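# Per-entry structural report
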Number of protein chains: 2
Amino acid sequence: MIVTAQEKDGTEILNITAQSGVFDPEEITTVAELWEEYRSKGPEKSGYHFIVLKDAGRVMGYACYGQRPLTVGTYDLYWIAVDPSCRRQGAGRQLLVQVEQDVCRLGGRLLVIETSGLEMYTPTRSFYLAAGYQLEATIRDFYKPGDDLVVFTKNFQTKKPILE
Amino acid sequence: MIVTAQEKDGTEILNITAQSGVFDPEEITTVAELWEEYRSKGPEKSGYHFIVLKDAGRVMGYACYGQRPLTVGTYDLYWIAVDPSCRRQGAGRQLLVQVEQDVCRLGGRLLVIETSGLEMYTPTRSFYLAAGYQLEATIRDFYKPGDDLVVFTKNFQTKKPILE
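Residues numbered from 1 in each chain as written. Chains lettered and ligands numbered in written order. Predicted model: local features only at pLDDT ≥ 70, side-chain atom pairs only at ≥ 80, totals over all residues. Heavy atoms only, no water.

## Thoughts on the sheet that holds strand β6 (residues 134-144) of chain A
All names here are of chain A. Keep this limit in mind: Two strands pair under a simple rule: DSSP has to find at least two bridges between them. By definition, any uninterrupted DSSP run of H or I lasting at least four residues is a helix, any uninterrupted run of E lasting at least two residues is a strand, and each is numbered from the N terminus. Axis lines are fitted to C-alpha atoms, over the contacting stretch for helices. Their N-to-C directions set the angle, which ranges from 0 to 180 degrees.
Pairing within the open sheet is mixed, and its 7 strands lie in the order β1-β2-β3-β4-β5-β7-β6. The sheet is open, and its two edges are formed by β1 (2-4) and β6, each paired on a single side. On average, adjacent strands in this sheet sit at an angle of 30° to one another, irrespective of strand direction. Of the pairings in the sheet, the one linking β6 to strand β7 (residues 147-155) comprises 6 bridges and is antiparallel in character. Each bridged residue has a counterpart across the sheet, and for Ile139 the counterpart in β7 is Leu149.

Now the structure itself:
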């Protein structure tokens with residue numbers, strides 16, 4: 001079951017982030033800051049939407065998305081993470097499907113996902129390609145020397161929003 | 001003379017932004033928000049650096065840049081604008097040179113500039129190309145349908161920071 005994140009989900013969201021093994025300390029701090037904005041101001045004022053995938057009341061994973069300022073209908077998937085013990089069960093894909101549906105419902109027309117070009121993110125990039133995303137742009141050495149920014153997009157005016 | 005912006009420069013910076021003719025109301029509001037962050041917190045805490053080009057005490061133009069969070073040594077040129085009455089005198093280029101020098105002094109290695117692919121921004125894109133920037137990436141329909149994001153970069157590890 002995927003629902004809008006509630007205040008009580010914060011601890012589990014931050015634990016999943018810390019335990020994911022792919023985020024560095026600065027990234028973990030960033031998620032905590034986005035969560036605090038969302039928790040204290042709500043999605044409209046903060047610009048951040050958090051959704052959680054729950055099973056028997058437990059948070060299995062979450063996603064955070066929001067509209068990109070200064071654009072018309074462009075949304076960013078800021079963050080998506082699944083509890084390491086719940087992987088390979090389609091949780092990430094379920095969350096991504098829900099983000100797409102939410103973005104379309106909110107009037108979004110383009111979803112942008114930024115990730116790294118490093119070898120360790122090959123499964124992440126394959127996940128987005130398999131979900132119908134376009135590898136739209138690369139900015140070489142963006143994160144650090146040798147670590148490119150890779151930008152995936154899905155344009156809902158030309159691609160169906162729902163994956164399945 | 002290019003100097004770090006002081007509190008008293010705020011009014012002229014916001015006037016130049018409003019009178020530039022290329023920024024829409026949401027963009028003008030964004031500049032005001034960045035300026036308020038810089039003015040109240042300073043460059044380190046806000047992450048925004050403002051510099052102004054002055055002539056006889058008057059602000060002719062300004063630039064705003066800062067380090068991109070979650071990167072090592074990547075800086076964004078967030079904003080650059082010149083008073084319409086001072087154009088075609090090299091003010092924009094002087095400001096850009098100073099931004100490059102500042103970024104290098106701060107340990108930056110990559111400067112990223114985002115602009116629009118619209119026809120009306122052709123002079124802007126030509127300006128960056130003439131200044132040695134690489135057209136690194138395009139995200140189609142990013143700002144709105146038909147209005148692409150165009151990303152220019154200069155890597156100071158492979159290109160000289162100073163233009164002249």
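And the narrative resumes.
## Quick look at the relation of the copies chain A and chain B
Here two copies of a chain appear, and what relates them is a rotation about an axis with a shift along it. Rules: All copies are superposed by least squares; the fitting set is the C-alpha atoms of residues with a pLDDT of at least 70 in both.
Once chain A has been moved 0.0 Å along the axis and rotated by 180°, it coincides with chain B to within an RMSD of 0.0 Å. A rotation of that kind, with that shift, is consistent with a two-fold axis. For chain A, the residue whose C-alpha comes nearest the rotation axis is Ala137 of chain A, separated from it by 2.7 Å.

## Some words on the interface of chain A and chain B
Note the following rule: Pairs of residues are marked as contacts when any of their non-hydrogen atoms sit within 4.5 Å. Buried area counts how much accessible surface, traced with a 1.4 Å probe, disappears from two parts once they are put together, with both parts' losses summed. Salt-bridge detection follows one rule: a side-chain nitrogen of Lys or Arg within 4 Å of a carboxyl oxygen of Asp or Glu. Two N or O atoms count as a polar contact when they lie within 3.5 Å, although within protein this holds only if one can serve as hydrogen donor and the other as acceptor, and sequence-adjacent residues are included solely when both atoms are side-chain atoms.
In this complex, chain A contributes 28 residues to the contact, which on the side of chain B involves 28 residues. Between chain A and chain B, the buried area comes to about 2200 Å², and carbon and sulfur atoms account for 56% of it. On the chain A side of the contact with chain B, Leu70, Glu136 and Phe142 of chain A bury the most area, a combined 29% of that side's loss. For the pair chain A and chain B, the number of links is 2 salt bridges. Arg140 of chain B serves as the salt-bridge partner of Glu136 of chain A, at 2.7 Å between the closest nitrogen and oxygen. Counting the contacts that link chain A with chain B gives 12 residue pairs in polar contact (both at pLDDT 80 or more). Elements supplying a minimum of two residues to the side of chain A that touches chain B: α2 (25-46), β4 (74-82), β5 (110-116), β6 and β7 of chain A.

## Topic: the state of the cysteines
All names here are of chain B. For clarity, the threshold we go by: Pairs of cysteine sulfur atoms within 2.5 Å are what we label disulfides. Relative accessible area decides the class of each residue, using a 1.4 Å probe on protein chains only: under 20% of the type maximum gives buried, over 50% gives exposed, and in between gives partly exposed.
Tallied over the full model, the rule gives 0 disulfides over all chains. Free cysteine Cys64: the closest other cysteine sulfur is in Cys104, separated by 18 Å. The buried category is assigned to Cys64, whose relative accessible area is 0%.

## What about the side chain of Ser20 of chain B?
Residue and element names in this part refer to chain B. Position of Ser20 relative to the elements: it lies in the loop between α1 (10-19) and α2 (25-46). Using a relative accessible area of 7% as the deciding quantity, one classes Ser20 as buried. A polar contact of 3.3 Å, which involves the side chain of Ser20, links it to the backbone nitrogen of Val22. Setting aside its immediate chain neighbours within four residues, Ser20 contacts Pro84 and Arg87.

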